[in-house]
Amino acid sequence: MIGLPRPLYTALKLAALAGVVAILAVLPRFMGEFRVGQFTFVGIYFIALLGLNILTGYSGQISLGHGAFMGIGAYVTAVLTLGRKGLVLFGHHPPHWLPLGDGMRPALTIPIALVVTGIVGLLFGMPALRLAGVSLALATFAVAVSLPTVAKRFEDVTGGGGGLSLPLPETPFGLHVSAPHWLYYEAWGCAAILFVVAWVLVRARVGRAWRAIRDGELAATASGVSPALYKTLAFGVSSAFAGVAGSLLAIQVAFVNPDTFPLSLSILLLASVVVGGLGSLSGVIVGALMLEFLPVYAQHPPLFGQSFSKQAPGVVFGVVLILIMFAVPAGAAGLLRRIVRPLTKPVPTVSD
Amino acid sequence: MALLEVDQVTRRFGGIVALSDVSLELEEGTIGGLIGPNGAGKTTLFNVITRMYKADSGRVVFDGRNLLRVRPTRVIRAGVARTFQNVALFPSMTVLDNVLVGAHTRVRPFGDRTGKALARETLEALTLSPLADRVVAGLPFGTLKQIELARALVSRPRLLLLDEPAGGLNHEEVGELGGLIRRIRKDFDLTVFLVEHHMNLVMSVCDRVHVLNFGQKIAEGTPAEVRADPAVIQAYLGTDSAAA
Ligand SMILES: Nc1ncnc2c1ncn2[C@@H]1O[C@H](COP(=O)(O)OP(=O)(O)OP(=O)(O)O)[C@@H](O)[C@H]1O
Ligand SMILES: [Mg+2]
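The shown structure was predicted, so the numbers you read here are calculated from the model rather than taken from an experiment.

**Thoughts on the packing of helix H7 (residues 179-203) of chain A against helix H8 (residues 205-215) of chain A**
All names here are of chain A.
Piece 1. Packing of H7 against H8 leaves a shortest axis separation of 4 Å and a crossing angle of 65 degrees. Compared by their axis directions, H7 and H8 come out roughly perpendicular. Listed contacts from H8 to Leu201, Val202 and Arg203 of H7 are Arg205, Val206, Gly207, Arg208, Trp210 and Arg211.
Piece 2. In terms of residue class, the contact of H7 with H8 is made up of 4 nonpolar, 1 polar and 4 charged.

**Regarding the coordination of the magnesium ion (ligand 2)**
Residue and element names in this part refer to chain B.
Piece 1. Note on the magnesium ion (ligand 2): its protein donors are Thr43 (OG1) and Gln85 (OE1). The metal-donor distances range over 1.9 to 2.1 Å. Placement of threonine 43 in helix H1 (residues 42-49) and of glutamine 85 in the loop between strand S6 (80-82) and helix H3 (95-102) is noted, with a sequence separation of 42 residues between them.
Piece 2. Relative accessible area serves as the criterion here: at 32%, glutamine 85 is assigned to the partly exposed category.

**A word on the domain arrangement of chain B**
Residue and element names in this part refer to chain B.
Piece 1. When its domains are assigned, chain B resolves into domain 1 (4-79 + 159-243) and domain 2 (90-156).
Piece 2. Here the C-alpha centroids of domain 1 and domain 2 sit 25 Å apart.
Piece 3. Interface of domain 1 and domain 2: buried area, both sides summed, is about 1100 Å²; carbon and sulfur atoms make up 74% of it.
Piece 4. Taken as a group, Ile76, Leu180 and Phe188 account for 42% of the area that domain 1 buries against domain 2, more than any other trio of residues on that side.
Piece 5. Counting the contacts that link domain 1 with domain 2 gives 0 salt bridges.
Piece 6. Every element with two or more residues in the side of domain 1 that touches domain 2 is listed here: helix H2 (75-78), strand S7 (159-163) and helix H6 (171-187).

**Re the environment of Leu289(A)**
All names here are of chain A.
Piece 1. Mapped onto the elements, leucine 289 comes out in helix H12 (residues 284-299).
Piece 2. Accessibility expressed as a relative area gives 34% for leucine 289, which makes it partly exposed.
Piece 3. Taking the C-alpha atoms as reference, leucine 289 lies 8.1 Å from phenylalanine 46; in sequence the two are 243 residues apart.
Piece 4. Those residues in contact with leucine 289, other than ones at most four positions away along the chain, are Phe39, Val42 and Leu294.

**Topic: the site of ligand 1**
All names here are of chain B.
Piece 1. Contacts to ligand 1 come from 14 residues, most closely from Lys42, Thr43, Thr44, Gln85 and His197.
Piece 2. Within the side chain of threonine 44, one N or O atom sits 2.6 Å away from an oxygen atom of ligand 1.
Piece 3. Residue histidine 197 places a side-chain N or O atom 2.8 Å away from an oxygen atom belonging to ligand 1.
Piece 4. Alone, ligand 1 offers 630 Å² of accessible surface; in the complex the protein occludes 66% of this.
Piece 5. Put simply, the parts of the chain that give the shell around ligand 1 at least two residues each are strand S2 (16-26) and H1.
Piece 6. A per-element tally of the shell around ligand 1 places H1 first, with 3 residues.

**Notes on the sheet that holds strand S5 (residues 65-66) of chain B**
Picture the strands of a sheet paired through backbone hydrogen bonds; they go either parallel or antiparallel.
All names here are of chain B.
Piece 1. Judged by pairing direction, the sheet is antiparallel, and its 4 strands sit side by side in the order S2-S1-S4-S5 without closing on themselves. Where the open sheet ends on each side, the last strands, each with one partner, are S2 and S5.
Piece 2. Pairing of strand S1 (residues 4-13) with S2 involves 7 bridges; the strand directions are antiparallel. For phenylalanine 13, the partnering residue across the bridge sits in S2 and is isoleucine 16.

**Some details on the environment of Val273(A)**
Residue and element names in this part refer to chain A.
Piece 1. Tracing the backbone through its elements, the reader meets valine 273 in helix H11 (residues 263-276).
Piece 2. On a C-alpha basis, the gap between valine 273 and valine 286 in space is 8.9 Å, while along the polypeptide they are 13 residues apart.
Piece 3. Leave out the neighbours within four places in its chain, and valine 273 touches Leu49, Leu52, Asn53 and Leu278.

**A few points about the interface of chain B and chain A**
Piece 1. Contacts between the two partners involve 29 residues from chain B, matched on the other side by 30 residues from chain A.
Piece 2. The interface formed by chain B and chain A contains 1 salt bridge.
Piece 3. For the salt bridge of Arg211(A) with Asp97(B), the shortest nitrogen-to-oxygen distance reads 3.3 Å.
Piece 4. Linking chain B with chain A are 7 residue pairs in polar contact (both at pLDDT 80 or more).
Piece 5. The element that contributes the greatest number of residues to the side of chain B that touches chain A is H3(B), accounting for 4 residues.

**Quick notes on the pattern of salt bridges**
When their charged atoms lie close together, side chains carrying opposite charge are able to pair.
Residues and elements named next belong to chain B.
Piece 1. For the coordinates displayed, the defined rule picks out 14 salt bridges over all chains.
Piece 2. Measuring nitrogen to oxygen at the nearest pair gives 3.1 Å for the salt bridge that ties arginine 156 to glutamate 121. Taken as a pair, arginine 156 in the loop between helix H5 (141-153) and S7 and glutamate 121 in helix H4 (residues 113-125) lie far apart in primary sequence, 35 residues in all.
Piece 3. The partly exposed category is assigned to glutamate 121, whose relative accessible area is 48%.

**Regarding the side chain of Ser239(A)**
Piece 1. Looking at where Ser239(A) falls in the secondary structure, it is placed in helix H10 (residues 227-253).
Piece 2. Setting aside residues no more than four positions away along its own chain, Ser239(A) makes contact with His66(A), Phe69(A), Thr117(A), Gly118(A) and Gly121(A).

**Some remarks on the sheet that holds strand S9 (residues 208-213) of chain B**
Residue and element names in this part refer to chain B.
Piece 1. Pairing is mixed in the open sheet, where 6 strands are placed in the order S6-S7-S8-S3-S9-S10. The sheet is open, and its two edges are formed by S6 and strand S10 (216-221), each paired on a single side. Direction aside, the axes of adjacent strands within the sheet are offset by 20 degrees on average.
Piece 2. Two elements, S7 and strand S8 (residues 191-195), share 5 bridges in a ladder whose sense is parallel. For leucine 162, the partnering residue across the bridge sits in S8 and is leucine 194.
Piece 3. This element, H1, spans strand S3 (31-35), S6, S7, S8 and S9 of the sheet and lies at about 145 degrees to S8.

**Topic: the nonpolar core**
Piece 1. Formed by 97 residues in total, the largest nonpolar core has its most connected members in Ile47(A), Leu50(A), Met70(A) and Trp210(A).
Piece 2. Top contributing element to this core by residue count: helix H2 (residues 33-58) of chain A, with 15 residues.
Piece 3. In this structure Met70(A) touches Ile44(A), Ala48(A), Ala242(A), Ala245(A), Gly246(A), Leu249(A), Phe261(A), Leu265(A) and Leu269(A), once residues within four positions along its chain are discounted.
Piece 4. Ile76(B), Leu131(B), Leu190(B) and Val205(B) belong to the second-largest nonpolar core, a separate cluster that totals 53 residues.

**Some words on the confidence of the model for chain A**
Piece 1. Per-residue confidence for chain A averages 79 on the pLDDT scale, and 81% of its residues sit at or above 70.
Piece 2. Element-level mean pLDDT values for chain A span from 36 in helix H14 (residues 331-336) of chain A up to 95 in H8(A).

**Some thoughts on a nonpolar patch on the surface**
Residue and element names in this part refer to chain A.
Piece 1. Together, Val115, Ile119, Leu122, Leu123, Met126, Leu229 and Leu233 line one region of the surface with nonpolar side chains, adding up to about 600 Å² of accessible area.
Piece 2. Residue assignment for the nonpolar patch shows that the elements contributing at least two residues are helix H4 (106-128) and H10.
Piece 3. In terms of residue count, the dominant contributor to the nonpolar patch is H4 (5 residues).
Piece 4. Looking at isoleucine 119, the relative accessible area reads 45%, which means it is partly exposed.

Reading guide: rules and limits
For every chain, the first residue of its written sequence is number 1, and the numbers climb from 1 along that sequence. Chains carry letters and ligands carry numbers; both start at the beginning, A for chains and 1 for ligands, and go up in the order they are written. pLDDT decides what is reported in this predicted model: residues at 70 or higher carry local features, side-chain atom pairs at 80 or more are listed and counted, and totals for whole chains, interfaces and linings draw on all residues regardless. Computation of side-chain values covers all heavy atoms of the structure but excludes hydrogens and water. Lines fitted to the C-alpha atoms define the axes, with helices restricted to the stretch that makes contact. Angles between their N-to-C directions range from 0 to 180 degrees. Where helices and strands are cited, they refer to DSSP runs of H or I of at least four residues and of E of at least two residues respectively, numbered from the N terminus. Note on angle classes: values under 35 degrees are labelled roughly parallel, values over 145 roughly antiparallel, values of 65 to 115 roughly perpendicular, and the remainder oblique. Here, residues are in contact when the closest pair of their heavy atoms is within 4.5 Å. Classification convention: Asp, Glu, Lys, Arg as charged; Ala, Val, Leu, Ile, Met, Phe, Trp, Tyr, Cys, Pro as nonpolar; all other residues, Gly among them, as polar. Coordination here is defined by N, O and S atoms within 2.8 Å of the metal (3.2 Å for Na, K and Ca), and since water is not considered, a site can look incomplete. Relative accessibility thresholds used throughout: buried, under 20% of the residue-type maximum; exposed, over 50%; partly exposed, between the two (1.4 Å probe, protein chains only). For each domain, the first and last residues come from an automatic or database assignment. The buried area of a pairing is the accessible area, by a 1.4 Å probe, that goes missing from both parts when the two are put together, added over both. What counts as a salt bridge is simple: a side-chain nitrogen of Lys or Arg found within 4 Å of a carboxyl oxygen of Asp or Glu. Being near a molecule or strand, for a residue, means having at least one of its heavy atoms within 4 Å of it. Here a polar contact means two N or O atoms within 3.5 Å. Within protein one must be a hydrogen donor candidate and the other an acceptor candidate, and residues neighboring in sequence count only if both atoms are side-chain atoms. Per-residue accessibility takes into account occlusion by the displayed protein chains alone, with areas from the Shrake-Rupley method and a 1.4 Å probe. Any two strands with at least two DSSP bridges between them are considered paired. Within this scheme, the nonpolar core is defined by two criteria: the residues are buried Ala, Val, Leu, Ile, Met, Phe, Trp, Tyr or Cys, and they are joined through side-chain atoms within 4.5 Å. Residue-level confidence of the predictor is what pLDDT reports, using numbers from 0 through 100. Patch membership requires more than 30% relative accessible area and the absence of a salt bridge. Residues of like charge join within 9 Å; the nonpolar side chains Val, Leu, Ile, Met, Phe, Trp and Tyr join within 5 Å.

Here it is in C-alpha cells:
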C-alpha cells in the first residue's frame, strides 16, 4: 500500500476524474465518425458495467444474465420509439392493452427503459434471494438463455426473429451537431449522471449495507441490515443501469433483434467487471474500454498484418481474466467476494 | 421487572438438545455471566435471543416484549446488540464503515452526519480512532474484537450480549477487558450478558452467574455461590475444560 494521506489521495482521485471527463468531452473533435461510434459503445458498456459492479462487486451477487436486462431496455426503447403506428406499419399487431403512443423521441424513452428494467430486476431479485453462488449464477444464466425465445414468442410486440428497425438516429432539438456526435454525448451524458448516482449510492447507507451482506450476512443481519431487502435492491438498481445501456444501444444501432444481446455478451460483461475491478467504480472505465476494443484488436492485431479467427477475442478475454485472478491473490473466491480494489482501497493515514 | 427474561426455552438439533427448558432473568443495569463447558448451549442461547436460531418452545421477553416474534433484523432496533464467538466483521471494509453498519438503524439513508459522529464517538470511547480509515482485514485479533464491540455499541443498545470476548486475547488484554466491560456498562448505560470461559474474568465482573451443562441450567447465583456449587464443580470436572 502506498502511504499517501487520505485527503491527498482523494484529491488525486478527483483530479484524475476531472481529467477523464475533460478528455471525453473533447474526444469526438479528434476522430472520425466510426471512432466516435466506438467510443459511444464504450459509454454504453460503461453504464452496464457500473450496474453490474453494484450487483457483483458491491452486493456480492453474480449475474450471468446482465445482457438480457440490457435487451429488455433495448426493446422498451425500440417499441416506444416506433409506437403503435410504427409497429402496425411494419405488419405487427401489438395487443390493445399496451399503452403505446404514436412513437416517441428515442432520448425520451431512456428514463422509461430505466424504470421498466429496474422493476423487472426487482421482481427477478425477489425469488433470486433464495439462491446464492452457483444457483444464482444459473438462474441469471437462464434469463439470458430465455430472452431470445421470449422475444420470438411475443412477436407482435418485439418483431420476433426479424427484430425491430428504428428510425435512423438524428440530432433532436435543432442542435448543431452531427448524429454520431449527438449519440456520443447522449451516451456519455447518461454515463456521467449514472456514475454520480452510483458514486452516491455506494457511499451512502445502502452501499455500506451491500458491502456488509457481501462480507458477512449473519453479522449484517445482527446489525439490522436485511439481506433480502438489499440484495433485491441491488438487482433493481443494476438492472435499471443495464436498461439504460440497452436503450442507448438500441438507439445507436437503430435495430434490435433477439441476437443483439447474446449470452456471450452477458459473460463478457461479467469478465469485464472483474477486469475493471470488483467494487471499484473507477476501474469500470477500463472494463468498458476492454469490452469494446479487445474484440477488435484480438481479431485484427495491429502490427501483425493478419487476422485471427472469430474465437480470438474470447480466448484473449479468458487469458486476461486468468492473469488478473493470478495477479490478485484473492483468487477465484474473490470473484464472488473481494478481489481487492486497487483503485479505491482506502489508504492508512500517517497521522498516527 | 427483569430486563431480559428467558422462559423455558428449548432448542434441539436432531437428537441433540442444545437448550432444555432453560429459564433465567437478567436485571437491568447488571452484568450477568453465562458459563458452562464446551457445547453446553451458551452460544445457542445467544442465537435464540437474537433470532439467529428459532426456539422449539419457550419465550424470550425483553423489556416486556416477546423477542421470539421479532424479526432477526429488528432485534437490534429492539435494543439488543451482540458480538460473535468467532469475530464476524466485514473484512474488506474500513473500521469506520464496519461501525457505521452497526449504526445502520440509527443513520439516515443519505448524508448521515449524525451517524458518522456517533460512529467516531464510539471509536473514540474504545480508543480505536487512529484506525478509523484502516481496512479491517489484517488487523490484530485483539483489535478485531474491539472493533466488533464498537459495532455493537454504536447502536446504543440496552442489552449487550458478549460471546467469549476474552477468547484469543493475551493475558494482558484479558486483564484490561474486565475494566473495559465495567466502564462501557456505566458509560453506555448497559445491561451485559457475558459468555466466558475465563473464570477470573467472570468472577471479577459478573453480578450474577448462570451455569449451563448439556443444555440444562444447573446453577445460578453470585460468582462465589456458583464457584462453590457441587453441581458446577462436577460439570467442569466431568469434562476436559480447564477452568474453575
Ligand atoms: N447449527 C447447529 N447445528 C447443529 N448442531 C448445533 C448447531 N449449533 C449448535 N449445535 C449443537 O448444540 C450444542 C450447543 O452448542 P453451543 O455452540 O451453543 O455451545 P457453547 O456452549 O457455545 O460451546 P462453546 O463453549 O464451545 O462455544 C452443541 O452440541 C452443538 O454441536
Ligand atoms: Mg459458544
